[in-house]
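# A look at the structure
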Amino acid sequence: MASTGHGTYTDDEHLVASVAGVVERVNRLICVRPLNTRYNGEIGDVVIGRITEVQQKRWKVDTESRLDSVLLLSSVNLPGGELRRRSAEDELAMRDYLKEGDLISAEVQSIFSDGALSLHTRSLRYGKLGQGVLVKVSPSLILRSKTHFHHLASGASIILGNNGLVWLQPANSAVEAGGFVTDLEPVPISEREVISRLRNCVIILAHHRLALSDTSVTYCYEASMAHEIKDITKPEISEEILLETRQRLLEQRG
Amino acid sequence: MAGVELLSDQGYRVDGRRASELRRVQCRLGVLGQADGSALLQLGNTRALAVVSGPHEIRGSKSKALHDRAVVNCQYSMATFSTAERKRRPHGDRKSIEMSLHLRQTFETAILTQLFPRSQIDIFVQILKSDGGNYCVCVNAATMALVDAGIPLQDYVCACSVGFVDETPLVDVCYAEEAAGGPVMAVALLPRSEQVAFLSLDSRLHEDHLSGVMKAATVACRDLHAVLSRIVKETLQEATAGE
């Protein structure tokens, strides 16, 4: 007797799939994993989200999940020491830290019973995002790894959010700031070109359903150097770039 | 019937089909990249585009949220160029609102909404070319879009319209047959369990004929199910071929 996993249900003692996808078995547990779904959060995931609402003691964050996530005032680092007590003034000043429309990077702290995620930014890596480019891909393409923050050799840094949002920014914009202040200095054109090229690389990788990691993005970036930035997304050129990328990924795996 | 013979003595209909013959089904999944799920489905000359987004946080007033299941929000519209005479309002007229309501009823039974409390699933369907059986094409297109979005369904929802002429049920009526004014029944079926998700009947049909018409509709829906599930399997195999 098989037990019902995700994507299945029982009907008159028959196990029936409720989604179209790939069957996965773990002993007697049978799951069906659909190819496209919205993001299913897990504790420890790095996510990128957009503030949709400022409430009392918490922000609501759109993380492309099934419900808006929650960022509690008590799970952010406020300026002036980590162990500061949160006062009524802090609640009133919440909109000064993060307001509607701001992009943040955060980590999933816990999951509520209805599936909503609770986030935290209690590390200097997380916090408000300043100048950069956001790319949306399918969450299934992001490989889980030890770190999702990468400084690329090309002189840009990338955040691969587990929820399928990828953030590209100039390397020296210092994610380490982690705070609520963003650097609004104009970004030099050379760095913008690097970021635009990376953006196009991420787009073609995602379009051909190649998993995104710092290695695959770097290889794709290097393979794209022979072409102009605006040509990368053209079908025949992207095929060529991806062929080279795939080859190098295979070689690397051995 | 004035002039038009809907069923010839040889048993052929105006477009050359037999009484129990469906029109050709063509369907493509995932036609729009930025939506969670989308499908373009064509049944004969009727073509519909369905787009699904969700499950996501309730948009608009929060009071709509249900604590134990998801809200299903449907919108039906007809492109201004979909009919022979140009339409003034693509959506929002009485007929579209009724159709949206019908779609919502249909899909609330089929989607496993209890898995997504406090969230919302949007289904937008637009008729791009109209040649009879609009409701049924919308239901089939929306089912395919839901499958593409990976939303758990109890079963495929297959819908088919059946007319009744000369004591014979005509399966999957086209515009000419619909406009002739005879009875037309639209049935949406969950084929595996043969549960009826939706049923409507325009104009009068004698009780004695009801079971015959229902039977023809059931068979047609099962045929459609076979076609749709084949298309889904082919699409999946193509997508997973590289893995």
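Structure: see above.
In this report, we go over the structure that sits alongside the text. Keep in mind that what you see is a predicted model, and the values were worked out from it rather than measured.

### Notes on helix α4 (residues 207-240) of chain B
Because the α-helix completes a turn every 3.6 residues, residues three or four places apart line up on one side. Its 34 residues give α4 of chain B an end-to-end C-alpha distance of 49 Å, which sits within 8% of 50 Å, the value for a rise of 1.5 Å per residue. For α4 of chain B, every residue scored as buried is listed here: V213, A216, A217, T218, A220, C221, L224, L228, S229, I231, V232 and L236 of chain B.

### Thoughts on the interface of chain A and chain B
Taken together, the contacts link 22 residues of chain A with 26 residues of chain B. Both sides together, the interface formed by chain A and chain B hides about 1,800 Å², and carbon and sulfur atoms give 51% of it. For the pair chain A and chain B, the number of links is five salt bridges. Between K60 of chain A and E57 of chain B there is a salt bridge, with its nearest N and O atoms 4.0 Å apart. Scanning the region where chain A abuts chain B turns up nine residue pairs in polar contact (both at pLDDT 80 or more). Elements with a contribution of two residues or more to the side of chain A that touches chain B: β2 (8-11), β3 (14-17) and β4 (21-26) of chain A. Residues of the side of chain A that touches chain B, tallied by class, amount to nine nonpolar, five polar and eight charged.

### Here we look at unusual backbone geometry
All names here are of chain B. Each neighbour pair has its own omega, and for G54 with P55 the value is -5°, a cis peptide bond. By the secondary structure assignment, P55 is in strand β3 (residues 46-57). We note that D166 has phi near 50°; this positive angle belongs to a residue other than glycine. Note that D166 resides in the loop between β6 (158-165) and β7 (168-171). Taking the relative accessible area as the measure of exposure, D166 reaches 54% and is therefore exposed.

### Description of the sheet that holds β4 of chain A
Residues and elements named next belong to chain A. A sheet is described by the order of its strands in space; here three strands give the open sequence β1-β5-β4, paired in mixed fashion. Each having just a single partner strand, β1 (3-4) and β4 make up the two edges of the open sheet. Pairing analysis gives two bridges linking β1 to strand β5 (residues 29-34), with the strands arranged parallel. Pairing of S3 across the sheet is with L29, part of β5.

Thresholds, definitions, all that
- Residues numbered from 1 in each chain as written.
- Chains lettered and ligands numbered in written order.
- Predicted model: local features only at pLDDT ≥ 70, side-chain atom pairs only at ≥ 80, totals over all residues.
- Heavy atoms only, no water.
- Helix = DSSP H or I, 4+ residues; strand = E, 2+ residues; numbered from the N terminus.
- Expected span 1.5 Å × (residues − 1).
- Buried < 20%, exposed > 50% of the residue type's maximum accessible area, 1.4 Å probe, protein only.
- Contact = heavy atoms within 4.5 Å.
- Buried area = accessible area lost by both parts, 1.4 Å probe.
- Salt bridge = Lys/Arg side-chain N within 4 Å of Asp/Glu carboxyl O.
- Polar contact = N/O pair within 3.5 Å; in protein donor to acceptor, adjacent residues only side chain to side chain.
- Nonpolar A, V, L, I, M, F, W, Y, C, P; charged D, E, K, R; others polar.
- Pairing = 2+ DSSP bridges.

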